[in-house]
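Analysis of the macromolecular model
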Amino acid sequence: MKTMDGTQATQIRSLLLEAADAIDRANAIVSTLDSDDRAFLSTPLDEVSSALHFELLQKLYLRYPGLAEEGEGWDGTVT
C-alpha cells in the first residue's frame, strides 16, 4: 500500500465536498416533506453530514493543513 499524496488528498477533498453538497440538497428537499417523513430522514442525513465534515474532512485537513487553507487551488505541497 502506498501513502496518500497531495494530489490524492485534493481529489478526496473534492469528492467529499461534492457529497456534502448533495447532502445539503437532500436536506433542502427533506425540509419540505411532512413531519413524519422529515423526522424519518433528517436525523440520518444530519449524522452523515456531521461525520463528513467533522471526521473525514477534519482528518484530511489535519494531515494536509494547506488543503483547508488554500481550497481548490492548493498545489499539493506539504510545508
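Reading the values: the criteria
Residues numbered from 1 in each chain as written. Predicted model: local features only at pLDDT ≥ 70, side-chain atom pairs only at ≥ 80, totals over all residues. Heavy atoms only, no water. Helix = DSSP H or I, 4+ residues; strand = E, 2+ residues; numbered from the N terminus. Buried < 20%, exposed > 50% of the residue type's maximum accessible area, 1.4 Å probe, protein only. Areas by Shrake-Rupley, 256 points an atom, 1.4 Å probe, with all protein chains shown as cover. Axes fitted to C-alpha atoms, helices over the stretch in contact; angles between N-to-C directions. Parallel < 35°, antiparallel > 145°, perpendicular 65-115°, else oblique. Left-handed = near helix turned anticlockwise from the far one by under 90°. Nonpolar A, V, L, I, M, F, W, Y, C, P; charged D, E, K, R; others polar. Core = buried A, V, L, I, M, F, W, Y, C linked by side-chain atoms within 4.5 Å. Contact = heavy atoms within 4.5 Å.

A tally of helices and strands in the chain yields 3 helices and 0 strands. Expressed as a percentage of its 79 residues, the buried residues of the chain come to 24%. By element, 57% of the accessible surface of the chain is carried by carbon and sulfur atoms, the whole surface being about 5700 Å².

Time to look at the packing of helix H1 (residues 6-30) against helix H2 (residues 35-63). Where H1 meets H2, the axes come as close as 10 Å, and the angle between the chain directions of the two elements is 160°. Considering their axes alone, H1 and H2 lie roughly antiparallel with respect to each other. Where H1 crosses over H2, the handedness of that crossing is left-handed. Of the residues belonging to the contact of H1 with H2, the class tally is 17 nonpolar, 4 polar and 3 charged.

Grouped together as the largest cluster of nonpolar side chains are 7 residues: Leu16, Ala20, Ile23, Val30, Leu45, Leu52 and Leu57. Listed by contribution, the elements that provide at least two residues to this core are H1 and H2. Considering every element that reaches this core, the biggest residue donor is H1, with 4 residues. The contacts of Leu16, once residues within four sequence positions are left out, are Leu52, Leu56 and Leu57.

These figures capture arrangement, not role.
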